[in-house]
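Given next are the chains, with one letter for each unit.
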Amino acid sequence: MTSIHAHICTLNKPAYNIMKFGLRALTQSIAAEGAGKIRGFSISTGFVKTALTLKQIPSQAEQRGISKAKLLEEVMLGNSRIRR
């Protein structure tokens with residue numbers, strides 16, 4: 001399981017961004033190495049309600065200069081930044 005961070009990087013999360021990009025690349029490499037006999041898939045989710053995500057709400061809202069409620073509504077529950 002990757003995340004939106006496998007496609008688009010966000011601020012202050014370089015290690016997380018690298019890990020998610022790496023998982024996506026590994027999945028694609030497995031498929032490429034399989035020569036059509038192995039399929040590789042990764043799932044890129046948006047925000048998922050976890051303890052870690054909940055702890056990040058105050059700092060994310062502060063970094064963006066918006067309220068916690070606006071962060072939840074527009075960022076975490078809003079439209080994804082990728083088309084598919």
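Structural data are supplied above this passage.
So, here's what we can say about the structure. Since we're looking at a predicted model, the values are computed, not measured.

**Notes on unusual backbone geometry**
With a phi angle near 50°, Ala35 is a residue other than glycine that sits in the positive phi range. Among the residues examined, Ala35 registers a relative accessible area of 65% and is labelled exposed.

**A look at the environment of Pro58**
As for its position among the elements, Pro58 is in helix α2 (residues 51–64). Its relative accessible area of 40% is what places Pro58 among the partly exposed residues. Residues Pro58 and Leu71, spaced 13 residues apart in sequence, show a C-alpha to C-alpha distance of 9.1 Å.

**Observations regarding the side chain of Thr2**
Within the secondary structure, Thr2 sits in the segment before α1 (14–33). Looking at Thr2, the relative accessible area reads 2%, which means it is buried. A polar contact of 2.8 Å, which involves the side chain of Thr2, links it to the side chain of Ser44. Those residues in contact with Thr2 that sit more than four places away from it in its chain are Lys20, Leu23, Arg24, Ser42, Ile43, Ser44 and Thr45.

Rules behind the numbers
- Residues numbered from 1 in each chain as written.
- Predicted model: local features only at pLDDT ≥ 70, side-chain atom pairs only at ≥ 80, totals over all residues.
- Heavy atoms only, no water.
- Buried < 20%, exposed > 50% of the residue type's maximum accessible area, 1.4 Å probe, protein only.
- Helix = DSSP H or I, 4+ residues; strand = E, 2+ residues; numbered from the N terminus.
- Polar contact = N/O pair within 3.5 Å; in protein donor to acceptor, adjacent residues only side chain to side chain.
- Contact = heavy atoms within 4.5 Å.

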